[in-house]
Amino acid sequence: MCDKYKFDNVVRSTAWSPGPGCHGGCGVKLYVKDNKVVRVEGDEEHPFNHGRSCPRMMALTQYMYHPERFLYPLKRVGKRGEGKFERISWDEAFDTIEQRFNEIKEKYGPEAVIFAQGTGRDIGGAISFLCYSFGSPNWVQLGLSGQSCYTPRLGAMTMVQGAPCVADCGQFFEKRYDDERYQLPKYIVIWGQDPSAGCPDAFMGAWVVDCMKRGTKLICIDPRNTFYTSRAEHFLQIRPGTDGALAMGMLNLIIENKWYDAEFVEKWCHGFEELAERCKEYPLQKVSQITGIPQEDIFAATKAYATNNPSSIHWGVPIDMCPEGTTVAQAISLLWCLTGNLDVPGGNVIARPAFLITTYPYDTQQMKDLYGEGIMDFINTKRAGADQYKYLANFRGWAQPDLMVQQMIYGKPYPIKAAWIQTTNVLGGQAADLNKHYEALMNMEFNVVVDTFHNPTTMAVADIILPAATFAEKESFRTWYTPLQIINPAVQVGECKSDWEINLELARRFNPSIREKYPTFQHLVNERIGAHGFTYQKLRDEHNGWVYPTEGPSVPYKRYETGLLRRDGKPGFETPTGKVELWSTRHEEFDIDPLPFYKEPPESELATPELFKEYPLVMVTGKRSPLYFHAEHRNIPWLRSKDPYPKVEVNPKVLKELGISDGEWVWVENQRGKVLRKVKASIAMDEKCVSVPHGWWLPEEKGTYPDFFKAWTHNCNLLVPVGNQSSSGYGGGAYKTTLCRLRKVSPDEMPMLPPEVHDGAKEF
Ligand SMILES: Nc1nc2c(c(=O)[nH]1)N[C@H]1C(S)=C(S)[C@@H](COP(=O)(O)OP(=O)(O)OC[C@H]3O[C@@H](n4cnc5c(=O)[nH]c(N)nc54)[C@H](O)[C@@H]3O)O[C@H]1N2
Ligand SMILES: Nc1nc2c(c(=O)[nH]1)N[C@H]1C(S)=C(S)[C@@H](COP(=O)(O)OP(=O)(O)OC[C@H]3O[C@@H](n4cnc5c(=O)[nH]c(N)nc54)[C@H](O)[C@@H]3O)O[C@H]1N2
Ligand code: SF4
Ligand SMILES: [Mo]
């Protein structure tokens, strides 16, 4: 054996960011030599991934030991945008943050400090913990227009069924497909999802392939051809943003043709007659016209799904990003309820965290469990959006992002003066309307960013930067559905700290009782998992780092029959009527339509025909790439070498009409701006759409003002607006439906630069 393959030890851990960055919970083996991770492998014994992994996981060592990684805290010493930062100690960093946040609290109130995060990583729990320990109600996914990622789907499922559901790939059992309780779905409907590219929402993409290998057939709904559409029995190539119409049309067909489970509907559903009446507004011909899908294809796919039990639906973020995202999710979720596929083997199974242990509050009840009964009253007094949207006030904890950015700029109804930014690259990819978010963050007196590398956000607006540990360097835990897992450190890199460690230290400073309660992070973990007899050490030493519940409320199936879904222990669902609410009584309470309906995208050939003449292509942004996680990984050589340029994918026929060649650089532009992209001709694309990957900036370019790593040249969110949130306050971010056109780049055209805006920061 050569030296390369000799290791000092192997540490089993869970890959949950930073590193691959994803929502998944892969088991990994980290091979350590001389206190360095030298090799990474998927853990073949781990039931989540059975040894598989992805390019970003394989490139972990290039990420961890990258020469430009943040290794210690930094403070800004020049002006914002000058790129001058100086190393400071952790003590100085904590002292400065404590002092500046407390000054702002005294002057403007705790609500003037916002706590911003990106997508679901192990830090959602840590950041809400810090936010509430400081006393601010403004925990926010800053820039994510309409909170359009999973929250609309979670909200819809919680209102209708009392809990979220996921496609059943046996993930709730340790033996997976071999568990005798499990049954394979006859069909999986992949609706606006590219599972293998992204493993989104705690669902590993390869599970769909596992099912396909065992005989499951596919129905795909996507505007684009993908690995899955090319293998599907039914492929519905939909016009972006019209999924609500399709879902209503499918519900109508199911009701008209009596393909629903009459017994289940009779016994367990509320409001069937009203739903049937509403669905009549969506006859097949009309739905076909709206969606652009042939009538016979809609009919055949609906029949296949509804008459072959069990079958499941697996859906993605484009659903949240439809206009009225919560109502689209509501309509789709009713499909599995009506067809007898709810909480049955191989259907859409009710998904709860293992042992009901929460770290990252997903709904209002979990907020109360973690932070006490009074938490919602406390945050709703001042939380941005809570007074405007009753739905939002009664679901989850985040402030409304589209309102928040306005408030940061205009100071109404009260001023926002500082931002804690952790796990998000707001200006690199998360935020729609890049200029607005730049202005908003520049308007802050003090910004802290916790991250791993410089990026447009750190360069443009950070006053203090704290270096975050990767999953290979930290203790943490995970209960995104199942199993209960720990994240186990293999090594230390520089002075990097885990997000939990950072937030716990600051929380102790803002609320001294926390110091006594949680002298170490393990005290906090052990408190959260202790009711079940677990400790961090026990999971690590006796359970390989993971454990599956074998009975009780987080184990399927048909828990509505046994009383395991409701807090009062009665059979039924955790909804006001105790039934699946086809007619939502909670929507009634929140003054929004109790029944689902369709709304046209804000910009489209039907909604804005004049605009469409000028911008005749639908810009579908954000297709996930297995090489990159959002705006990350462009600096990782193994990954970047496989996909080096910001691209736009276009159907060759469209290119021919425009006289543009494959490989040429073009402007993708609309009334809000333009971004530079390299053309990739692709027959996968529909002729009416172009695919524009998001999160593009160039780490190899100059990071200082006005270049900011060319974010203003390539970030497609310059073209995506804010302010299209649904009537619930959630959903509707126009990331997949904005109109655009392509234009050749003339040699004299200068790349876009950021606007000049007032810098609200004070020197310190
Ligand atoms: N145009 C367009 N824009 C989109 C989308 C789209 O489809 N189209 N999708 C949207 C969606 S769904 C989402 S959820 C957002 C996501 O947006 P973000 O979550 O902001 O995306 P990232 O680029 O991954 O930014 C995360 C940043 O945090 C750092 N980081 C990663 N993990 C950790 C960690 O554990 N701790 C700390 N402290 N830092 C970490 C990374 O280095 C990176 O700089 O983007 C949205 N933006
Ligand atoms: N590698 C990697 N993995 C990721 C991420 C990443 O950036 N990189 N991001 C993570 C995050 S935060 C999220 S939210 C998920 C998102 O992951 P997904 O939910 O899979 O979202 P997308 O890749 O945006 O789109 C999925 C598919 O929907 C299609 N689509 C686009 N618009 C529409 C539409 O209007 N209707 C329908 N029916 N289909 C449409 C696209 O063509 C694409 O094939 O991925 C997560 N995983
Ligand atoms: S993207 Fe998928 S394969 Fe990669 S670490 Fe995440 S869950 Fe595992
Ligand atoms: Mo997301």
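Whatever comes next refers back to the structure up there.
Residue positions are counted from 1 within each chain, in the order its sequence is given. To read the labels, note that chains go from A and ligands from 1, taken in the order they are written. Per-residue local features are limited, in this predicted model, to residues with pLDDT of at least 70; the limit for side-chain atom pairs, both in listing and counting, is 80 or more; totals at the level of whole chains, interfaces and linings are taken over all residues. In computing side-chain values, all of the structure's heavy atoms are included and hydrogens and water are not.

Caption draft 1: Geometry of the overall build of the chain. Counting its regular elements, the chain contains 31 helices and 27 strands. Here the C-alpha atoms of the chain give a radius of gyration of 25 Å, agreeing with the 27 Å that 2.2 N^0.38 yields for 764 residues. If you line up the chain on its principal axes, its C-alpha atoms span 70 × 65 × 65 Å. Relative to all contacts within the chain whose residues are 6 or more apart in sequence, the contacts with residues 24 or more apart total 74%. Positive and negative side-chain charges of the chain, numbering 86 and 94 respectively, have mean locations separated by a distance of 3 Å. Secondary structure counts use DSSP, requiring at least four H or I residues in a row for a helix and at least two E residues in a row for a strand, with both numbered from the N terminus. All radius of gyration figures rest on C-alpha atoms, and the globule criterion is 2.2 Å times the number of residues raised to 0.38. It only takes one pair of heavy atoms within 4.5 Å for two residues to be counted as in contact. Counted charges follow a simple rule, with Lys and Arg positive, Asp and Glu negative, and His plus the chain ends left uncounted. Positions of charges follow a simple convention, taking NZ of Lys, CZ of Arg, CG of Asp or CD of Glu.

Caption draft 2: Up close: the site of ligand 1. Whether a residue is near a molecule or strand depends on its heavy atoms: it is near if one of them lies within 4 Å of it. If you check the shell around ligand 1, you find 37 residues, and the closest are Arg121, Asp451, Asp499, Glu632 and Asn717. Separating an oxygen atom of ligand 1 from a side-chain N or O atom of Gln430 is a distance of 3.1 Å. Under this definition, polar contacts are N or O atom pairs within 3.5 Å; protein pairs additionally need one hydrogen-donor-capable and one acceptor-capable atom, and for neighbouring residues in sequence, both atoms have to be side-chain atoms. Taking Val450, its main chain carries an N or O atom lying 3.0 Å from a nitrogen atom of ligand 1. The Shrake-Rupley method, run with a 1.4 Å probe sphere, supplies the accessible areas, and residue values consider only the shown protein chains as cover. For ligand 1, whose free accessible area comes to 910 Å², the fraction covered by protein is 99%. Contributions of two or more residues to the shell around ligand 1 are made by helix H19 (426-430) and strand S16 (446-451).

Caption draft 3: Summary view of the site of ligand 2. Ligand 2 sits among 33 residues. The nearest are Asp222, Asp243, Tyr628, His630 and Lys736. Take Ser625: an N or O atom from its main chain is 2.8 Å from a nitrogen atom of ligand 2. His630 is positioned with one of its backbone polar atoms (N or O) 2.6 Å from an oxygen atom of ligand 2. When ligand 2 sits alone it has 910 Å² of accessible area, and the protein chains cover 98% of it. For the shell around ligand 2, the secondary-structure elements that each account for two or more residues are helix H6 (195-198) and helix H13 (317-320). Gly is placed with the polar residues, together with every amino acid not listed as nonpolar (Ala, Val, Leu, Ile, Met, Phe, Trp, Tyr, Cys and Pro) or charged (Asp, Glu, Lys and Arg). Of the residues in the shell around ligand 2, the class split is 14 nonpolar, eleven polar and eight charged. Domain delimitation follows an automatic or database domain assignment. A domain-level breakdown of the shell around ligand 2 finds at least three residues from each of domain 2 (151-353) and domain 3 (609-760).

Caption draft 4: Representation of unusual backbone geometry. Following Ser17, the chain continues to Pro18 via a peptide bond in cis, the omega torsion being -15 degrees. Geometrically, the link from Tyr705 to Pro706 is a cis peptide bond, its omega value of 0 degrees lying close to zero. Mapped onto the elements of the fold, Pro706 is located in the loop between strand S26 (689-692) and helix H31 (711-714). For Gln147, which is not a glycine, the phi torsion comes out positive at approximately 50 degrees. Relative accessibility thresholds used throughout: buried, under 20% of the residue-type maximum; exposed, over 50%; partly exposed, between the two (1.4 Å probe, protein chains only). Given the relative accessible area of 1%, Gln147 is considered buried. Positive phi values are uncommon outside glycine, yet Asp433 reaches one of about 50 degrees. In this structure, Asp433 sits in the loop between H19 and helix H20 (434-442).

Caption draft 5: Highlighting the packing of helix H8 (residues 243-256) against helix H10 (residues 272-279). For the pair H8 and H10, the least separation of the axes is 9 Å and the interaxial angle reads 115 degrees. Between H8 and H10 the crossing geometry is left-handed. Every residue of H10 that contacts H8 at Met248, Leu251, Asn252 and Ile255 is listed here: Phe272, Leu275, Ala276, Arg278 and Cys279. Grouping the amino acids of the contact of H8 with H10 by side-chain chemistry returns seven nonpolar, one polar and one charged. Comment: axis = line fitted to C-alpha atoms, over the contacting stretch for helices; angle = value between 0 and 180 degrees taken between N-to-C directions. Left-handed describes a crossing in which the near helix is turned anticlockwise from the far one by less than a right angle; the clockwise case is right-handed.

Caption draft 6: Structural detail: helix H3 (residues 90-108). By this rule the span expected of a helix is its residue count minus one, scaled by 1.5 Å. Taking 1.5 Å per residue, 19 residues should reach 27 Å; H3 reaches 27 Å between its end C-alpha atoms and fits that length. The elements touched by buried residues of H3 are strand S6 (113-117), helix H4 (124-134), strand S15 (418-422), S16, strand S17 (464-467) and helix H22 (499-510). Once H3 ends, the next one or two residues include Gly109, with phi positive near 95 degrees.

Caption draft 7: Examining the pattern of salt bridges more closely. Salt bridges are counted wherever a side-chain nitrogen of Lys or Arg sits within 4 Å of a carboxyl oxygen of Asp or Glu. All told, the structure shown has 49 salt bridges when counted by the stated rule. Here Arg509 ties to Glu505 by a salt bridge, and the two come within 2.9 Å at their closest N and O atoms. Note that Arg509 and Glu505 are positioned in helix H22 at a spacing of four residues, about one turn of the helix. Exposure remark for Arg509: the relative accessible area of 19% places this residue in the buried category. Residues joined in a network through salt bridges with shared partners are Asp95, Glu98, Glu505, Arg508, Arg509 and Arg515.

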